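Analysis of the macromolecular model
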Amino acid sequence: MAKDIITKIKEANLLGRGGAGFPTWMKWEAVKKQEGQGKKIYVIANGSEGEPEIFKDEYILKNHPQEFIEGIKIALETFANSEAIIYLNHKYFDKYKKNLEKFSEGFPISYFRKTAGYLAGEETGLLNHIEGQRVEPRPKPPYPAEAGLYNLPTLVNNIETYYRIYEIKNDLYAGKAFFSIEGDVKNKGTFEFPENYPIKKILEETGNWPAFDFFVQYGGGAAGTIYLPEELDEPKKGATSIIVFNRQKTDALKLMQRWAEFYSKENCDKCTPCRESSIRILEMTKKNKLDFDKLEKMFFVLEKTSFCPLGKGMAIPYRTLIEKVLKK
Amino acid sequence: MNSFKIHINDKEIDANEGERILDIARREKIHIPSLCHHSDLEPHESCRLCMVEVEGDKNLRASCALLAKPGMKIYTDTPTTQKALKINLALLFSQHEDNCEHCGRVEKCKLHEYAEKYAACGNIHIDRKKKLPKFQFGPSIFLDQSKCINCQNCSDMCSKQTKGGFITLKQAGETFEMFPSEEKNIDCIYCGQCIMHCPVGALSEIESYSEVKKLLKDKTKKVVFQFAPSVRTSLGEEFGMPLGTNVTDKIFAALKKVGAYKIFDTSFAADVTIIEEAAELLEKIAKGDNTTMISSCCPAWVKYAEFYEPELLKYLTTVRSPQIILGGLIKTYWVEKENLDLRDIVSVSIMPCTAKKFEIEREELFVDGKRPIDYVLTVRELAKLLKELNVDLNKIEPDESDKDILANPSGAGEIFGAGGGVLEAALRTVYQKLTGQELENLEFKPLHEFKRTKMAEVTIGGKTLKVVAVSGMENAKKILEEIKADPTKYAYVEIMACPGGCIGGGGQPIPIDDEIRKARAAGLYSTDEKRKVRTSHGNPGIDILYAEFLNDKKNKHKICHTTYEKRKKGEIKKI
Ligand code: SF4
Ligand code: SF4
């Protein structure tokens, strides 16, 4: 039975829905290998959703709590001697825990209220937070699958991933994903589309394709990439969040400043490029003076030398905004 | 162990499974810069200066953590690594207060060294930390946030040395900075290990050497010095001498040159400590008391016990540390003998240790209401003092003349400075007292499951005493747990807060690592081997001192013994 579900996930080609897009079956198989050593296995649902303007996990918590919990139960069945923790940001915890409990009662499923910042959404930062350690990403290896929470084998998946696993198990999965749409649009909200659907079609079919000149941030309200209208015909990778900006009405520098505030506050300050660049970019945007040469240098070390994905990805929004919007 | 070949910069190199690229490169003398890497600590991967290219990988990788794999091809010096290094260095440099001329650490500062070497100096941004506060922990430790580069070496080390970690990162607005803990149940033990592992000058001792410098010029004062056992084989490093060089006679000469009135050797008082501890242990054995006796000459360990483990205080020997015993003897026995006026005397000790600055303020150690010691200088401070007064240890002629009995130790007193030395010195005397024979060679076995822990079993008259010496609080904590579970497990336990004992102390020359610790310890042991007198009880000066002074019960009590108490959290000053 266990093998079944992992094979099924593999055949469905499900990629993690937290944004990184790692094949889910690989994580499951890595954890499965740790079974039978008498060790407890932790199954964690990551509901931290800390990136600005993403709320598709909330949509699931609100509208599909039972299916989500079923997904977790599938994991509990798959791994012997396992226990689940649902890790929710404090807002979601306060709002949805009661209702979720209706479905999780009687199972070894507990809830953890996330009080720490954005980095506690990164899977190893999350483990540190639950353990009461300082929230910063852990070196890998060891991967959580081998030595995760309290050094025990740990599966960390996003909320939507569990929801999709429920679908896969029950042969309901049709390769769809939830997209959140925000910004200068008429119909904000969460919509379900095939995972490789082009942004243009999504905006059109939800009645959100703007009549004005605009640009889009895709992949999250801080880490997302900036795209121009003519770039939206192809499917994109990354967190399924679309934010539309009215080009005339958007102050690009202010937008950069908002990101910089977010990053300098939410990063863990562990590594030099991320800690220092986030602060320096904030300084520049506050002073209204961008030094493109210095910026390019910082982008270089961010991408090449940051410790974790947060830092590695930080340059993308700035760089694409500067290239496509600011410099034009 | 599995070994295989890798390539670094196209050179074929043997590597072992589990080895990391930075360590391999260093042993092959291939230079990779790094600020946060320290062989005492797990890689923290925070400074991002040790980035290398790995064939087949588009990102750079941190070599400090990167495990070698068969066939790996590593490039340390490519346009990409060089570009990244310069930018990250510049970013680090601009977070750090730009005030190198006035920094006590500049000669040993790795950031400064790299900035010059890679021409990445010059802040590319304004100094963002200029206005950050500074802190003092008790009388010992100085933390300057404006110089901190967030590497976390100090906090990693501190969490080993304390329970819970006294020095920790805390969010202060948009950034995290290093702060002393405000928790009621976490305190600093003043060991100075944070200083030893700081790659820049953000942590240092609270200095007293300027005061001492002034007093040396004051004609109305007689400044007397003592120096600890471990100082003799480390001070040379500050003057570029080979590791482990014994400079005892040069210390006498140098201090004389800068105006010392008299110079004593703390190792002599270590002999006194041994005589007293041996007596206490023998008395315990005679009484049939099987519980353990724990050494108390390390003030950081004593602070740890008083703050974190007060229920263990009853096992600590009541004997004072050598520094305090000698301080007491100077201000009583010696001053009387020499017919001097106590008011003219300034007593200074040169210590490998920052906790010794705290020890001299403990009121229960005062003698006739006065501090036994007026100033403690670390080895680093002494080096600065000598350099400022233009005394070069390399050039000065050794001077052995005019030594008081309080300046003539046995070999036993000198090995005090190395982890395990106190234990060995004590056993030499205990063995002799119980059997009438000299202990030839003490065989130590490493306690394999524990780091920096040595155990020995000595059979005396059919009775086997199990004794153990441990250094570094991280390791000592494990022994403490054993003692709590069974207080009779060991007859005698030596605990030194600093890894390796005082030769690795918080007041020693920087840098520190196991190779350096080994060389400093080896220097002490080779001196011991050459000595005619290798036991404390065999030191003729000891006989004189006891006959003239310490056989008097009252004198012995006020000079040699003390009490301990549960201690509240020490003072933290914000500046
Ligand atoms: S002196 Fe020792 S206990 Fe105090 S902060 Fe430094 S490492 Fe921690
Ligand atoms: S081991 Fe030595 S140097 Fe370290 S705190 Fe103790 S007495 Fe001081």
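Quick note: structure is the one above.
Presented here is a report on the structure given in the accompanying data block. Being a predicted model, the structure only gives us computed values, none of them experimental. (Residues numbered from 1 in each chain as written. Chains lettered and ligands numbered in written order. Predicted model: local features only at pLDDT ≥ 70, side-chain atom pairs only at ≥ 80, totals over all residues. Heavy atoms only, no water.)

Let us now look at the site of ligand 1. In the neighbourhood of ligand 1, the contacting residues comprise F137(B), I141(B), C158(B), T162(B), F166(B), C188(B), I189(B), Y190(B), C191(B), G192(B) and C194(B). Residues belonging to the shell around ligand 1 are distributed by class as follows: nine nonpolar, two polar and no charged. (Near = heavy atom within 4 Å. Nonpolar A, V, L, I, M, F, W, Y, C, P; charged D, E, K, R; others polar.)

All names here are of chain B. Assignment of secondary structure puts H38 in the loop between α1 (21–27) and β3 (51–54). Each residue touching H38, except ones within four places of it in the same chain, is listed here: N153, M196, H197 and I512. A distance of 3.0 Å separates a polar atom in the side chain of H38 from the backbone oxygen of I512. (Helix = DSSP H or I, 4+ residues; strand = E, 2+ residues; numbered from the N terminus. Contact = heavy atoms within 4.5 Å. Polar contact = N/O pair within 3.5 Å; in protein donor to acceptor, adjacent residues only side chain to side chain.)

To continue, consider the sheet that holds β3(B). All names here are of chain B. Taking strand neighbours across the sheet as the criterion, the five strands line up as β2-β1-β5-β3-β4 in an open arrangement whose pairing is mixed. At either margin of the open sheet sits one strand with a lone partner, and together these are β2 (11–16) and β4 (61–62). Pairing analysis gives six bridges linking strand β1 (residues 3–8) to β2, with the strands arranged antiparallel. When the bridges of β2 are listed, H7 appears paired with E12. (Pairing = 2+ DSSP bridges.)

This next bit is on the packing of aromatic side chains. Any aromatic ring pair is given by two values, namely how distant the centres are and how the planes are angled relative to each other. Taken as a whole and judged by the stated rule, the model has 27 aromatic pairs over all chains. Aromatic pair Y263(A) and Y318(A): ring centres 6.4 Å apart, planes at 50 degrees, arrangement tilted. Taken together, the positions of Y263(A) in helix α9 (residues 252–266) and Y318(A) in helix α12 (residues 309–326) put the pair 55 residues apart, joining distant regions of the chain. The same class applies to Y263(A) as to Y318(A), namely buried. Ring geometry for F307(B) and Y308(B): centres 4.8 Å apart, planes at 85 degrees, overall edge-to-face. A single burial state applies to F307(B) and to Y308(B), both of which are buried. Three or more aromatic residues link up through ring pairs in this structure, and these residues are W259(A), F262(A), Y263(A), F299(A) and Y318(A). Residue placement shows R134(A) over the ring face of F176(B); its charged tip is 4.8 Å from the ring centre. Above the plane of the ring of W209(A) lies K200(A), whose end atom (NZ or CZ) is 5.4 Å from the centre. (Phe/Tyr/Trp six-rings, centres within 6.5 Å; stacked < 30°, edge-to-face > 60°. Buried < 20%, exposed > 50% of the residue type's maximum accessible area, 1.4 Å probe, protein only. Lys NZ or Arg CZ within 6 Å of the ring centre and 35° of its normal.)

On to the site of ligand 2, then. Residues in contact with ligand 2, as listed here, are C298(B), P299(B), A300(B), P352(B), C353(B), M496(B), A497(B), C498(B), G501(B), C502(B) and G505(B). In the shell around ligand 2, the residues fall into nine nonpolar, two polar and no charged.

On to helix α7 (residues 159–169) of chain A. Because an α-helix completes one turn every 3.6 residues, residues spaced three or four positions apart along the sequence face the same direction. All names here are of chain A. Taking burial as the measure, the eleven residues of α7 include ten buried ones, the bulk of the element. All buried positions along α7 are accounted for by I159, E160, T161, Y162, Y163, R164, I165, Y166, E167 and I168. With a side-chain oxygen lying 2.8 Å from the backbone nitrogen of E160, the N-terminal cap of α7 falls on N158. Trailing α7 by a residue or two, D171 shows a phi angle of about 55 degrees, which is positive.

All names here are of chain B. Inspection of the secondary structure puts H197 in the loop between α5 (193–196) and β10 (203–205). With relative accessibility at 2%, the residue H197 sits in the buried group. Polar contacts involving the side chain of H197 include one to the side chain of D40, which spans 2.7 Å. Among residues more than four places away in sequence, those in contact with H197 are H38, D40, L41, N153, M157, I512 and R517.

This next bit is on the interface of chain B and chain A. The interface is formed by 30 residues belonging to chain B together with 33 residues belonging to chain A. In total, about 2700 Å² of surface goes out of reach between chain B and chain A, with carbon and sulfur atoms giving 56% of it. Together, L91(B), H125(B) and E174(B) form the three largest contributors to the area buried by chain B at its contact with chain A, with a combined 21%. For the pair chain B and chain A, the interface holds two salt bridges. At the boundary of chain B with chain A, the tally comes to 14 residue pairs in polar contact (both at pLDDT 80 or more). Those elements that provide at least two residues to the side of chain B that touches chain A are α2 (79–95), β8 (167–172) and β9 (175–180) of chain B. (Buried area = accessible area lost by both parts, 1.4 Å probe. Salt bridge = Lys/Arg side-chain N within 4 Å of Asp/Glu carboxyl O.)

Once rolled over the atoms, a probe with the size of a water molecule shows which space is left empty. Residues and elements named next belong to chain B. A full pass over the atoms with the stated rule returns eight cavities of 30 Å³ or more. Approximately 160 Å³ is the volume attributed to the largest cavity. What lines the largest cavity is a set of 18 residues, among which P229, P322, K356, F416 and C502 lie closest to the centre. Residues of the lining of the largest cavity, tallied by class, amount to twelve nonpolar, five polar and one charged. (1 Å grid on protein atoms, 1.4 Å probe; cavity = no way out; pocket = protein on both sides within 12 Å on 5 of 7 lines; lining within 4 Å. Points joined across faces, edges and corners; volume = space filled by probe spheres on them.)

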